[in-house]
Amino acid sequence: MSKVVSGVTEMLRRPLGEEVELVVIPNPQKGAVRADPAQIEQILINLAVNAGDAMPEGGTLTLRTENIELDAEFVKQHPGSRQGSFVTVAVADTGCGMDERTQARIFEPFFTTKEKGTGLGLATVYGIMKQSGGYISVESEVGIGTTFKCFLPRFKEERERKPVSVPRPIPQKGTESVLLVEDDRPLRELVRDFMLDLGYQVSTASDGAQALGLIENTSGPIHLLITDLMIPRISGDQVAVRMSQWHPETRVIYLSGHAHEKIKGKLVAGAKLLRKPFELSLLAQAMREVLDSPADAGAGAEAS
């Protein structure tokens, strides 16, 4: 777990900005969990970006991992948790904090404390934690700050296994224009910054209607559309259809965290599907595959 936390630290430097000090306190003990590293990264990114927004004038964001035993008393006081051995990841900020009324709603899909936006992305965090057999808690005080704690079941191996280091591929760069449509703001901003660092020209939209407005008013080429299928107001597949009418040369990558049967038949010709959560290196690879593929490539390929 500490390795994942350390790995995501560099991704957070840019969206947090220079005003926020990032402190990482790794687990001094070994603590393994059975969870998708990409999902853990997404949790940390969502929580960290929201924490950064709560500290507009600067502050401290602390990421801490440790092993913990949850007993019957803890479970009694925290409905939804369960007893056992866990690895915790705490994300603590020194921001504006939240009152009890706000805390009661933060995991709703489209609830937000921002003037603009479709949500805080915490519904995604909550869903990943439940799927992993874990639990998430929040403690906050107005004017003091907020701490989220993610509890993931600890995996105890009978024998210590020597970790195998698998080098990640170096992302290929590009200069093409990209329209990214994603309603999860922390994920949208992370992917945008990642693509900008690779040299792409990037525009973003938080819902389908905003995306169509950008498409309709763009006179130059849009080389690639990257869109979540399940976005507010107008669905991603409908955005792709309109894109194919106005900019037939545009290539498409769909993002989806839903089951395959729910999206079958929705892909436009030549599109690629990327499952959520995903590693950024896999996205970079999929982008080059789609952009460099022949114009008459087949439909509905899935990134792997």
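Residues numbered from 1 in each chain as written. Predicted model: local features only at pLDDT ≥ 70, side-chain atom pairs only at ≥ 80, totals over all residues. Heavy atoms only, no water.

Trainee: Describe the overall build of the protein chain, with residues and values.
Mentor: A count of helices and strands for the protein chain gives 10 helices and 11 strands. Across the 304 residues of the protein chain, 47% fall into the buried class. Partitioning the intrachain contacts of the protein chain with sequence separation of at least 6 by distance along the chain shows that 71% fall at a separation of at least 24. Within the structure as shown, the protein chain displays about 16000 Å² of accessible surface, and the carbon and sulfur contribution to it stands at 49%. (Helix = DSSP H or I, 4+ residues; strand = E, 2+ residues; numbered from the N terminus. Buried < 20%, exposed > 50% of the residue type's maximum accessible area, 1.4 Å probe, protein only. Contact = heavy atoms within 4.5 Å. Areas by Shrake-Rupley, 256 points an atom, 1.4 Å probe, with all protein chains shown as cover.)

Trainee: Please give an account of the pattern of salt bridges that cites residues and values.
Mentor: A full pass over the atoms with the stated rule returns nine salt bridges. Note that Asp 292 and Arg 288 form a salt bridge whose closest N and O atoms lie 2.7 Å from each other. Taken together, the residues span about one helical turn, with Asp 292 and Arg 288 both in helix 10 (residues 280–292) at a distance of four residues. A network of salt bridges, in which partner residues are shared, links Asp 53, Arg 185 and Glu 189. (Salt bridge = Lys/Arg side-chain N within 4 Å of Asp/Glu carboxyl O.)

Trainee: For the pairing of strand 8 (residues 224–228), give the residues involved together with the corresponding values.
Mentor: Residues in a regular strand point their side chains to alternate faces of the sheet. Across the five residues that make up strand 8, a large majority, five, are buried. With four bridges joining them, strand 6 (residues 177–181) and strand 8 adopt parallel strand pairing. From the neighbouring strand, Leu 179 faces strand 8, where its bridge partner is Leu 225. Judged from the five bridges that link them, strand 8 and strand 9 (residues 251–256) form a sheet pairing that is parallel. Paired with Leu 225 across the bridge in strand 9 is Val 252. The parallel pair strand 8 and strand 9 is bridged by helix 8 (residues 236–246), and the resulting crossover is right-handed. (Pairing = 2+ DSSP bridges. Right-handed = clockwise from strand over helix to strand, strands pointing away.)

Trainee: Run through the nonpolar core, naming residues and quoting values.
Mentor: Ranked by size, the top nonpolar core spans 54 residues in total, and within it Leu 61, Met 195, Ile 226, Ile 253 and Met 287 carry the most contacts. No other element matches the eight residues that helix 2 (residues 37–53) contributes to this core. Ignoring sequence-local partners within four residues, the contact set of Met 287 consists of Val 178, Met 195, Tyr 200, Leu 224, Ile 226 and Ile 253. Listed in part, the 18 residues of the second largest apolar core include Leu 179, Val 181, Ile 215 and Leu 273. (Core = buried A, V, L, I, M, F, W, Y, C linked by side-chain atoms within 4.5 Å.)

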